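As a plain string of letters, each chain reads:
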Amino acid sequence: MGVRVVGTVQGVGFRPYVYRLAGKLGLSGHVLNDAHGVLLEVEGAAAAVERFLARLEADAPPLAVLERLFVSELPSTGEAGFLIRASPAGEAPDAPVTPDSATCADCLAELLDRSDRRYRYPFINCTGCGPRFTIVRGIPYDRPLTTMAAFRMCPQCLAEYEDPADRRFHAQPNACPACGPTLALLDGAGRAASLGGARDAVQACAAALSDGAIAAVKGIGGYHLACRADQEQVVARLRARKHREDKPFALMVATVSDAERLIECDQSTRELLESVQRPIVLAPRRPDAAIAPSVAPGAPELGVMLAYSPLHHLLLADCSLPLVMTSGNVSEEPIAYRDEDALERLGAIADLVLVHDRPIQTRTDDSVVRARRPGHRAPARAPSLILRRSRGYVPASIPLAGGRAPLLACGAELKSTVCVAKGGRAWVSHHIGDLQNYETLESFTEAVGHFERLFAVAPGVVAHDLHPEYLSTKYAVEREGVQLIGVQHHHAHLAACLGEHGEAGPALGAIFDGTGYGTDGTIWGGELLLGCTADFDRVGSLWPVRLPGGERAIREPWRMACAWLDAVDPGRESETAAPPAALADQVDPDAWRAVARMAAGGIASPVTSSMGRLFDAVAALCGLRARINYEGQAAIELEAACDPHEAGLYPIALTEAEDGRLLIDPRETVRAVRAEVAAGRSASVIAARFHNTIAGVTVRACCRAAASGGVEVVVLSGGVFQNRRLLEAVFDGLKAAGLRALVPERLPLGDGGISYGQAAVAARRIAGSPG
């Protein structure tokens, strides 16, 4: 009997599992890794073979994902015993590479066992845990094709590696203190730092952190900047050195019990924290959390992750306190992952550098998920929303309907990812960042090359955004000998959600975000699209206003407040008005009137239907945020301000444009907000009423558009729906109206999923399918 196993089955202990299972059942044959997954042959008694096939998937190792089994009858060879054979060379790779996985319980127990030969060894791992994607250079996933190739195993490690009964059998990063990677503690200039009587570099670093030092720590996918999280002066010093004014820092703790002292945890939150992916989990902060104010200024949530590498476990055990564990970079740059680069870029920020000599092949940030609100049902099958998909999740493949031909999708400008696809599967890259500087563009091109090599994709088709000035678009246009397919930004959002759910469409999409280049040359962002993966019609949008100063209005939400007030009373703001009282101390009256004239005259003020900019405008009108220091800050603070018990609404219109599309017209909403601010109404009440109003009109608009289009499925996507209050209210309203709502589950709601959506559109178009 021959069996082809397709899925995530390399580097997860699948072959030794097959070896042991065959031995228990008295079967002979062999098993091997190849470029397509795992191939095995078994022979023996018919009943034993039948039991083998029944248990093959049911009892598979926890990290294994079996996508398909192909079973065929083969003539008996009379093979004696069961063998694990070497991988054949020279085949084109097609097997999924496993994501990096958090330290398992067995390895953690050994790490802390004084009698174990790997006691306090910060690179302990087995087939059930450890680095995978970040060290792999090619497949099949064998040691010579990883960054562990230079470390020759000692006799004890080699014996484990070659013993099918050992849990380290063919664990490619297997090592110990005698033969594996080593740690060193350096100062910011790259010189060896004194250990000060500590037993090792980790303990010395932990002692320095406890004393208030800032350390750069080399992890699985790059460097973190770490400091103790409970002392304001220490956290403030890190903010100043990193040039990161307000954006929240992530925290790392040792156990779920430690996390429960900082954030509100229900069972789903605990499961996320303890999952093998170990993402940063955003959850409501506890009022008594002993965390410095500068960790997450103005945010009602904290981002917390558990230790996921042996090094982290040791560091936290030695510190015995929560640590800030933020990306190792200066703001807006990619994280450092090469040692020389880390010393050059982080040496002025960190007092110490904890470095090791195992190279990182692929720069990979921590993933970020948002736990569902305790006590509220999840808006989809998934218990959380992925905000950034990277370490722990990448490069798990996602099915792609119609995607047989090799293709590349270049993604968006912000929160960039790339996607390669072939043979009905797509691989979405790790989070790359915002393509607005040379360093991130370099990271983007490296990711494209690595994924094309890793999955043997030679694209004949390249999909890209319609915006001609995006660096990702320019990269696509410069590729030679390929067919280019431009995909509208919001259509890619719709297609990504449909594709990951295996839905062909048609469906209605409510796609709300900040910016996306429209087919009419304006800036879209509050869209109702009726369509499928191949095509769409714009059947509704937010009332269009001006974006005074272009991108400057994104950084200065008061400009959007001015533009919306001008839309409410055309000409008034530019002639006689001063900034509303809530902005009087933040905006110069002459600047206000100048911007109002820009909006009224359309001078350097493109037209936008962006829902994200409407949220910015209301946040500014409430006096919450006139200028932002990171993307989405105004909207985040508006959501945070909401009174959870307020159920009031503002007036809002739902009309039709001349071309027949629905228009969500919030001008009366903005007028009411201005009046309530002037009357002294609290920002918490205004914010809640605004959220209620937008959620309500979104449900009404979706019901009308879905009925008109004859569909019952509504996709909710785009960065605005990262707002949990809005998402849950709209989802519940659609369900109550008898519509089925879909939200992204395996991909981010924001632009991190755009590349997969572009791939889904391109695959359908080249296949010529109407779906």
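Definitions and limits used
- Residues numbered from 1 in each chain as written.
- Predicted model: local features only at pLDDT ≥ 70, side-chain atom pairs only at ≥ 80, totals over all residues.
- Heavy atoms only, no water.
- Helix = DSSP H or I, 4+ residues; strand = E, 2+ residues; numbered from the N terminus.
- Contact = heavy atoms within 4.5 Å.
- Buried < 20%, exposed > 50% of the residue type's maximum accessible area, 1.4 Å probe, protein only.
- Core = buried A, V, L, I, M, F, W, Y, C linked by side-chain atoms within 4.5 Å.
- Pairing = 2+ DSSP bridges.
- Axes fitted to C-alpha atoms, helices over the stretch in contact; angles between N-to-C directions.
- Phe/Tyr/Trp six-rings, centres within 6.5 Å; stacked < 30°, edge-to-face > 60°.
- Parallel < 35°, antiparallel > 145°, perpendicular 65-115°, else oblique.
- Left-handed = near helix turned anticlockwise from the far one by under 90°.
- Nonpolar A, V, L, I, M, F, W, Y, C, P; charged D, E, K, R; others polar.
- pLDDT = per-residue confidence, 0-100.
- Salt bridge = Lys/Arg side-chain N within 4 Å of Asp/Glu carboxyl O.

Enquirer: Looking at this model, I keep getting lost on the environment of G719. Mind explaining?
Expert: Looking at where G719 falls in the secondary structure, it is placed in the loop between β29 (713-717) and α22 (724-736). Between the C-alpha atom of G719 and that of G525, which follows or precedes it by 194 residues, the distance is 9.6 Å. Leaving out residues up to four positions away in the same chain, G719 has contacts with F512, D513, L749 and G750.

Enquirer: Honestly, unusual backbone geometry in this entry has me stumped. Any pointers?
Expert: Trans is the prevailing form of peptide bonds, just as negative phi is the prevailing case for residues other than glycine. Each neighbour pair has its own omega, and for V394 with P395 the value is 10 degrees, a cis peptide bond. In this fold, P395 is placed in the loop between β15 (384-388) and β16 (398-399). In this model, G505 is joined to P506 through a cis peptide bond whose omega is 5 degrees. Note that P506 resides in the loop between α13 (489-500) and β22 (507-517). A positive phi angle, near 50 degrees, is found at K415, a position not held by glycine. Residue placement: K415 occurs in the loop between β17 (407-409) and β18 (419-422). Overall, K415 belongs to the partly exposed group, its relative accessible area being 23%.

Enquirer: Is there a simple way to think about the nonpolar core in this case?
Expert: Side chains that are nonpolar tend, in soluble globular proteins, to be buried together. Formed by 78 residues in total, the largest nonpolar core has its most connected members in W564, W592, L614, L716, F721 and L734. If you tally residues by element for this core, the top one is helix α21 (residues 683-709), at twelve residues. Sequence-distant contacts of W564, that is, excluding residues within four places in its chain, are made with L542, W543, V545, L614, A617, P666, R667 and V670. Within the second largest apolar cluster, 43 residues are counted, among which are L186, I263, V295 and A350.

Enquirer: In this structure, what is going on with the sheet that holds strand β5 (residues 82-84)? I would like to understand it.
Expert: Backbone hydrogen bonds hold the strands of a sheet together, and the pairing may be parallel or antiparallel. A sheet is described by the order of its strands in space; here five strands give the open sequence β4-β1-β3-β2-β5, paired in mixed fashion. Both edges of this open sheet fall to β4 (65-72) and β5, since each of them pairs with a single strand only. Direction aside, neighbouring strands of the sheet carry axes that sit 15 degrees apart on average. Strand direction decides the pairing type here: strand β1 (residues 2-8) and strand β3 (residues 37-43), joined by four bridges, are antiparallel. Residue G2 lies in a different strand from β3, and its bridge partner there is E41. In the packing of helix α1 (residues 14-24) onto the sheet, the strands contacted are β1, β2 (28-34), β3, β4 and β5, and the crossing angle to β5 comes to about 175 degrees. Packing against the sheet, helix α2 (residues 46-58) makes contact with β1, β3 and β4, and its axis sits at approximately 160 degrees to β4.

Enquirer: Can you help me understand the packing of aromatic side chains in this one?
Expert: We describe a pair of aromatic rings using the distance from one ring centre to the other and the angle between the two ring planes. Scanning all chains against the criterion turns up eleven aromatic pairs. Judged by centre distance (6.5 Å) and plane angle (65 degrees), the ring pair of Y19 and F82 falls under edge-to-face. Placement of Y19 in helix α1 and of F82 in strand β5 is noted, with a sequence separation of 63 residues between them. Exposure remark for Y19: the relative accessible area of 28% places this residue in the partly exposed category.

Enquirer: Looking at this structure, I do not really get the sheet that holds strand β19 (residues 425-428). What am I missing?
Expert: The mixed open sheet is built from six strands, whose spatial order is β16-β19-β18-β17-β20-β21. Across the chains shown, the open sheet's two edge strands, defined by having one partner strand only, are β16 and β21 (483-487). Taken together, the five bridges between strand β20 (residues 461-465) and β21 define a ladder with parallel strand orientation. Its bridge partner being in β21, H464 is matched across the sheet by G486. Those strands touched by α13 are β16, β20 and β21, and its axis lies near 95 degrees from that of β21.

Enquirer: I tried to follow the pairing of β1 on my own but got confused; where do I start?
Expert: In regular strands, side chains alternate between the two faces of the sheet. Counting buried residues along β1, seven of its seven residues qualify, which places the element largely inside the surrounding structure. In the sheet, β1 pairs with β4 via seven bridges, with the strands oriented antiparallel. Opposite V6, over in β4, you have R68 as the bridge partner.

Enquirer: Before we go on, may I ask you to explain the packing of helix α11 (residues 438-454) against helix α12 (residues 471-478) in this structure?
Expert: Running from N to C, α11 and α12 point in directions that differ by 45 degrees, and their axes come no closer than 11 Å. Relative to α12, α11 is oriented oblique. In this structure, α11 meets α12 at a crossing whose hand is right-handed. Taking contact as the criterion, the partners of L441, F444, T445 and V448 in α11 are, on α12, L471, S472 and Y475. Broken down by class, the residue content of the contact of α11 with α12 amounts to five nonpolar, two polar and no charged.

Enquirer: Help me understand the confidence of the model for the chain in this model?
Expert: Note: predicted coordinates in regions of low pLDDT should not be interpreted at a detailed level. Mean pLDDT over the chain: 93, with 97% of residues reaching 70 or higher. Long-range and interchain partners of residues 378-383, a stretch whose pLDDT sits below 50, account for 13 contacts in this model, where long-range means more than four residues apart.

Enquirer: Looking at this structure, I do not really get the pattern of salt bridges. What am I missing?
Expert: Two side chains carrying opposite charge are able to pair once their charged atoms lie near each other. Enumeration according to the criterion identifies 45 salt bridges in this entry. A salt bridge links R228 to D230; the nearest nitrogen and oxygen atoms lie 2.7 Å apart. Of the residues examined, R228 reaches a relative accessible area of 11% and is grouped as buried. Between R391 and D366 there is a salt bridge whose closest N-O contact spans 2.9 Å. Of this pair, R391 sits in the loop between β15 and β16 while D366 sits in the loop between β13 (352-356) and β14 (368-371), and the two are 25 residues apart along the sequence. Of the residues examined, R391 reaches a relative accessible area of 3% and is grouped as buried. Several salt bridges converge on common partners, so that one network encompasses D569, E668, R671 and R674.

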